[in-house]
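Chain residues, written in single-letter form:
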Amino acid sequence: MEIWGWVFIGILFLADFVVKIEPFKLGRSQPTERISGSAGDVLEDNPVGRLKVFVYELPSKYSKKILQKDPRCLNHMFAAEIYMHRFLLSSPVRTLNPEEADWFYTPVYTTCDLTPNGLPLPFKSPRMMRSAIQLISSNWPYWNRTEGADHFFLVPHDFGACFHYQEEKAIERGILPLLQRATLVQTFGQRNHVCLKEGSITIPPYAPPQKMQTHLIPDKTPRSIFVYFRGLFYDVGNDPEGGYYARGARAAVWENFKDNPLFDISTEHPTTYYEDMQRAVFCLCPLGWAPWSPRLVEAVIFGCIPVIIADDIVLPFADAIPWEEIGVFVDEKDVPNLDTILTSIPPEVILRKQRLLANPSMKQAMLFPQPAQPGDAFHQVLNGLARKLPHDKSVYFKPGERVLNWTAGPVGDLKPW
Amino acid sequence: MELLNRRRPFFWLVLHGLSCLISLLLGFRFSRLVFLLLSTSSTYTSPFHSPTELAKTLDIRSVIPADPVGNVPLPFPNKTATNSRVVVGRHGIRIRPWPHPNPVEVMKAHRIIERVQTEQRLQFGVKDPRKIIVVTPTYVRTFQSLHLTGVMHSLMLVPYDLVWIVVEAGGVSNETASLIAKSGLRTIHVGFNQRMPNSWDGRHKLETKMRLRGLRIVREKKLDGIVIFADDSNMHSMELFDEIQNVKWFGAVSVGILASSANIDETVVEKRGEEENPRMPVQGPACNVSNMLAGWHTFNTLPFAGKTAVYIDDRATVLPRKLEWSGFILNSSLLWKDGDKPEWMKDIDTLDGDIESPLDLVKDPSVVEPLGSCGRRVLLWWLRVEARADSKFPPRWIIDPPLEITVPSKRTPWPDTPPELPSHEKPVIRIQEPIIKHTTKTRTSRSKRRSKRKHDETRTDRGTTGFDKTLQN
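Residues numbered from 1 in each chain as written. Chains lettered and ligands numbered in written order. Predicted model: local features only at pLDDT ≥ 70, side-chain atom pairs only at ≥ 80, totals over all residues. Heavy atoms only, no water.

- As recorded in an unreviewed UniProt entry, chain B goes by the name Glycosyltransferases, listed as coming from Gossypium darwinii.
- A UniProt comment under Function (unreviewed entry) is attached to chain B, and it reads "Involved in the synthesis of glucuronoxylan hemicellulose in secondary cell walls." (UniProt positions renumbered as here; feature names shortened; annotations may be inferred.)

- As recorded in an unreviewed UniProt entry, chain A goes by the name Exostosin GT47 domain-containing protein, listed as coming from Gossypium darwinii.
- Its UniProt record gives chain A a comment under Subcellular location (unreviewed entry), which states: "Golgi apparatus membrane".
- Check the Sequence similarities (unreviewed entry) section of the UniProt entry for chain A; it says "Belongs to the glycosyltransferase 47 family."

**Describing the overall build of chain B**
Next up, step 1: The helix and strand tally for chain B stands at 13 helices and twelve strands.
Next up, step 2: In chain B, buried positions account for 45% of the 473 residues.
Next up, step 3: Considering only contacts in chain B between residues 6 or more positions apart, those separated by 24 or more positions represent 72%.
Next up, step 4: Of the roughly 26,000 Å² that chain B leaves accessible, carbon and sulfur atoms contribute 57%. (Helix = DSSP H or I, 4+ residues; strand = E, 2+ residues; numbered from the N terminus. Buried < 20%, exposed > 50% of the residue type's maximum accessible area, 1.4 Å probe, protein only. Contact = heavy atoms within 4.5 Å. Areas by Shrake-Rupley, 256 points an atom, 1.4 Å probe, with all protein chains shown as cover.)

**A closer look at the sheet that holds strand β5 (residues 201–202) of chain A**
Next up, step 1: The strand order β1-β2-β3-β4-β5 (chain A) describes an open sheet built from five strands, whose pairing is parallel. Edge positions in the sheet fall to β1 (53–55) and β5 of chain A, since each of these pairs with one other strand and no more. (Pairing = 2+ DSSP bridges.)

**What to know about unusual backbone geometry**
Next up, step 1: Between Gln-370 of chain A and Pro-371 of chain A the backbone carries a cis peptide bond, its omega angle lying at -5 degrees.
Next up, step 2: Relative to the helices and strands, Pro-371 of chain A resides in the loop between α14 (360–365) and α15 (377–387).
Next up, step 3: Residue Pro-390 of chain A is bonded to the preceding Leu-389 of chain A through a cis peptide linkage, with omega at -5 degrees.
Next up, step 4: Structurally, Pro-390 of chain A is set in the segment after α15.
Next up, step 5: We note that Cys-374 of chain B has phi near 55 degrees; this positive angle belongs to a residue other than glycine.
Next up, step 6: Its place among the elements puts Cys-374 of chain B in helix α10 (residues 372–375).
Next up, step 7: Take Cys-374 of chain B: its relative accessible area is 11%, and that puts it in the buried class.
Next up, step 8: A positive phi angle, near 55 degrees, is found at Trp-397 of chain B, a position not held by glycine.
Next up, step 9: With respect to the element layout, Trp-397 of chain B can be found in the loop between β12 (378–382) and α11 (426–438).

**Describing empty space enclosed by the protein**
All names here are of chain A.
Next up, step 1: Counted under the stated rule, the structure contains 14 cavities of 30 Å³ or more.
Next up, step 2: Here the second largest cavity is characterised by a volume of approximately 120 Å³.
Next up, step 3: If you trace the second largest cavity, you find 16 residues lining it, with Trp-292, Ser-293, Leu-296, Ile-313 and Leu-315 closest to the centre.
Next up, step 4: The residue makeup of the lining of the second largest cavity, split by class, is 13 nonpolar, three polar and no charged. (1 Å grid on protein atoms, 1.4 Å probe; cavity = no way out; pocket = protein on both sides within 12 Å on 5 of 7 lines; lining within 4 Å. Points joined across faces, edges and corners; volume = space filled by probe spheres on them. Nonpolar A, V, L, I, M, F, W, Y, C, P; charged D, E, K, R; others polar.)

**A closer look at the nonpolar core**
Next up, step 1: Counting residues in each nonpolar core, the largest one holds 97 residues, and the members touching the most others are Leu-88 and Phe-282 of chain A.
Next up, step 2: Ignoring sequence-local partners within four residues, the contact set of Leu-88 of chain A consists of Val-53, Val-55, Val-93, Arg-94, Tyr-105, Phe-152 and Leu-382 of chain A.
Next up, step 3: If you look at the next biggest cluster of nonpolar residues, it comprises 72 residues, including Leu-155, Leu-330, Leu-361 and Leu-371 of chain B. (Core = buried A, V, L, I, M, F, W, Y, C linked by side-chain atoms within 4.5 Å.)

**Concerning the environment of His-204 of chain B**
Next up, step 1: Structurally, His-204 of chain B is set in helix α7 (residues 200–221).
Next up, step 2: With 116 residues separating them along the chain, His-204 of chain B and Pro-320 of chain B place their C-alpha atoms 9.0 Å apart.

**Section: the confidence of the model for chain A**
Next up, step 1: Predicted confidence across chain A gives a mean pLDDT of 86, with 91% of residues reaching 70 or more.
Next up, step 2: Here residues 18–39 of chain A scores under 50 on pLDDT; set against residues more than four positions off or in separate chains, the count is 41 contacts. (pLDDT = per-residue confidence, 0-100.)

**Observations concerning the packing of aromatic side chains**
All names here are of chain A.
Next up, step 1: Evaluation of the coordinates by the stated rule reveals 31 aromatic pairs over all chains.
Next up, step 2: Between Phe-368 and Phe-378, the aromatic rings sit 5.2 Å apart at their centres with planes inclined by 70 degrees, giving edge-to-face as the arrangement. One end of the pair, Phe-368, is in the loop between α14 and α15; the other, Phe-378, is in helix α15, with ten residues separating them in the sequence. Comparing Phe-368 with Phe-378 shows no difference in burial state: the two are buried. (Phe/Tyr/Trp six-rings, centres within 6.5 Å; stacked < 30°, edge-to-face > 60°.)

**Considerations on the interface of chain A and chain B**
Interface size is commonly expressed as the accessible area that is lost once the parts come together.
Next up, step 1: On the side of chain B, 36 residues touch chain A, which itself brings 49 residues to the contact.
Next up, step 2: Looking at the side of chain A facing chain B, the largest losses of area belong to Glu-241, Arg-247 and Leu-351 of chain A, adding up to 16% of the total buried there.
Next up, step 3: Between the two partners, chain A and chain B, sit three salt bridges.
Next up, step 4: Here Arg-90 of chain B ties to Glu-241 of chain A by a salt bridge, and the two come within 3.8 Å at their closest N and O atoms.
Next up, step 5: Joining chain A to chain B, the criterion identifies 13 residue pairs in polar contact (both at pLDDT 80 or more).
Next up, step 6: At the level of elements, α6 (167–173), α8 (249–257), α12 (338–343) and α13 (347–358) of chain A are the ones that each hand at least two residues to the side of chain A that touches chain B. (Buried area = accessible area lost by both parts, 1.4 Å probe. Salt bridge = Lys/Arg side-chain N within 4 Å of Asp/Glu carboxyl O. Polar contact = N/O pair within 3.5 Å; in protein donor to acceptor, adjacent residues only side chain to side chain.)

**Quick look at the sheet that holds strand β4 (residues 226–229) of chain B**
All names here are of chain B.
Next up, step 1: Here we have seven strands laid out as an open sheet, ordered β3-β2-β1-β4-β10-β6-β11, and mixed in their pairing. Strand pairing shows two members of the sheet lacking a second neighbour, β3 (186–192) and β11 (369–370), which therefore form its edges.
Next up, step 2: In this structure, strand β1 (residues 132–138) lies alongside strand β2 (residues 162–169), joined through seven bridges in parallel fashion. When the sheet's bridge partners are listed, Pro-137 is paired in β2 with Val-167.

**Comments concerning the pattern of salt bridges**
Next up, step 1: For the coordinates displayed, the defined rule picks out 28 salt bridges over all chains.
Next up, step 2: Note that Arg-145 of chain A and Asp-150 of chain A form a salt bridge whose closest N and O atoms lie 3.6 Å from each other.
Next up, step 3: Of the charged contacts, one joins Arg-203 of chain B and Glu-386 of chain B as a salt bridge, the two residues approaching to 3.2 Å between their closest N and O atoms. Taken together, the residues Arg-203 of chain B in helix α7 and Glu-386 of chain B in the loop between β12 and α11 connect sequence positions 183 residues apart. As far as burial versus exposure is concerned, Arg-203 of chain B and Glu-386 of chain B are alike and both buried.

**Regarding the packing of helix α3 (residues 80–89) of chain A against α15 of chain A**
All names here are of chain A.
Next up, step 1: Contact geometry for α3 and α15: axes closest at 10 Å, N-to-C directions at 75 degrees. Between α3 and α15, the interaxial angle falls into the category roughly perpendicular. Residue-level contacts link Tyr-83, Met-84, Phe-87 and Leu-88 of α3 to Phe-378, His-379, Val-381 and Leu-382 of α15. (Axes fitted to C-alpha atoms, helices over the stretch in contact; angles between N-to-C directions. Parallel < 35°, antiparallel > 145°, perpendicular 65-115°, else oblique.)

**Regarding the pairing of β2 of chain B**
All names here are of chain B.
Next up, step 1: For β2, the tally of buried residues reaches eight of eight residues, placing the bulk of the element in the interior.
Next up, step 2: Of the two faces of β2, the one carrying Leu-162, Trp-164, Val-166 and Glu-168 and the one carrying Val-163, Ile-165, Val-167 and Ala-169 are both buried.
Next up, step 3: Between the parallel pair β1 and β2, the chain is carried across by helix α5 (residues 144–156), and the sense of this crossover is right-handed.
Next up, step 4: Judged from the seven bridges that link them, β2 and β3 form a sheet pairing that is parallel. When the sheet's bridge partners are listed, Ile-165 is paired in β3 with Ile-188. (Right-handed = clockwise from strand over helix to strand, strands pointing away.)

Here's what the structure looks like:
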């Protein structure tokens, strides 16, 4: 069995030399080419003119009222759903005529029910989503036409549309049955996982662009830290023994490298966090309770090579950004050898990664600036949606045809919101 | 445990309770360990992490997925119901057998960091850096080693091409030559035929002449680059060398003046308190709001009037000149005979007399470019510290091997030989004492002989020339 695996990998390598293949095809129709040295020309595509999006006007209890109750939703890492809504309302791709729309967007802020600490509670989110879908299916004919296949939703929470923060519970729930045919735009991405369905678009978590801008230091400040990380290694509140949180990977990093002078890792919250990232060559981005984190965005913005320790993770815009050329991927089982892995990367490769990171279109694609700028994450989402067009004829149902089961899922979800 | 709960619940309840108690003792979940031991056939081991000391000795890997619902797994990591390579649940914390830094890797990492920083400098640093020509006047004295080593090390760190012109008062000496040879820099060592006077005033004048001699060398050899004056007792920051690359023709930077007072004079301190505006110990260009040169900051010498040092070894404050040469930067093409240079630059061959300040090199002082964010950044410091005029030091700071002949020393701690010290020899012996303390009796005899100025034939020729210089003022 092993030898076939190696043969397969060998064939892939050869194929890679002959044809530059992308790491993760998501069912696009057009091939993209990339000039070596710059990160994906696809990032600079302009979606205007390539698609039309119709925004449903839902009652304000789905969006405005929620935001009014807790304005903290605008600053946390799930804020992409709010900013995407605002962007679409004033974007040139928006159309007021639903007959000519390619995609339909339902603005519902499912990640805005926050605890006093600021963490979102997902318990009401399935009901909220279900209620929104019931509304659009009864007031407009477009949902029933395709049962949501030309609709897209933003679900930036921990495990996307599984609507739970605990992985086992999320797997158990699975994706909300009503969203089975819709396109999901989410931050969570892990291969062969229940909560990532085929055709989803992975986006980066929200990171405040102005705040990062104010902490920039001069480019010529020499990078003197080899590896940098700030964050928890053990989540003593929820997993005191260790081994559960981050699948033990973060704890392994700590235990193996806590006395290594090359690794500047600790659990402190320094005020110079952003500045320190700009003085580091590598920034660790290990998984936590979920595989994604805003550290990836911060590392890209500050030019620090991200070291991604999360098995099978799907990174944002993976079909447009050549992540394996930009970051370093380390398997969780190889964490004890992290220092060997990082020091054995040839310097030319490191310099090339830094050049790719320095590409402004790369940095722009990770951000959600207000107001929107060309090439930013909003546009990348639209590019992703445009690449999925035209819709296959089979998604359109004849009248009376039904696929979705409106009563599927846990009983608690069926309660009205 | 949970899977087997169906059969004989009482037995399993007791067992569960027992393992709970043991877990309390050990500090980790004992039941999982037992389950693992019973069921898994894991082939590779890595140490299992636990907070207690006891568990650290265990060498078992536990990959038991949590099983709340029953649809997930078996303890084997590669066979799961969800068809994913990644298993949800508790994993072992992998620690390698010796979790400490590997020196080979640390070295490799440092080389990577160096390469990254070189690339950064190439990209964001100065484009097309010009050669730096450093002119340093010096002379042999006790503190020369201290000062010149400092300058030398600063120059060795400069990442640009460098030429070091060392002009030495009293002619070229082996002392200085051996010192600057250690730098590995390209040096031009010339002698100047006058001896360095003992007064600060005379010293400043001679230094000016020596600097002009250095500039003449630049002209003769047609050296191309940026000329700076690095006095041997100054301290330079590395940013200075980056900043001077921005000069076009004639620039000036701010110099921090560290006027040392050997005696803390109370009256001086009081006076300082009474002043309204505190004096900034900075000399350099002053700019107006639009970042144009508006004037000059000079060091205020009034509070020190009458209390300044006149001779090099006076224990009083040493003051700088109005404008120190070390704060000025020239483009070397200003010094060439031919070639295009602005007409405001005077020809250095025509200035042989005393020039008071570097601004006398130009006809119009307003052409000077202020560097270092318009003089706001102090990039080097001026300090003058010298030893007493008659101080001696071993030549090249090497203590010669002891001589064969033993002569009783007159300055030993033994009570039967009372110390006889002729008064004129006192300063010499005081300086030599530190050497005496660390050496044997024979060495003291040697120093005694030295103080008697007996030039022995066994001495090497480099022996006493250094002393003579300092003694003959």
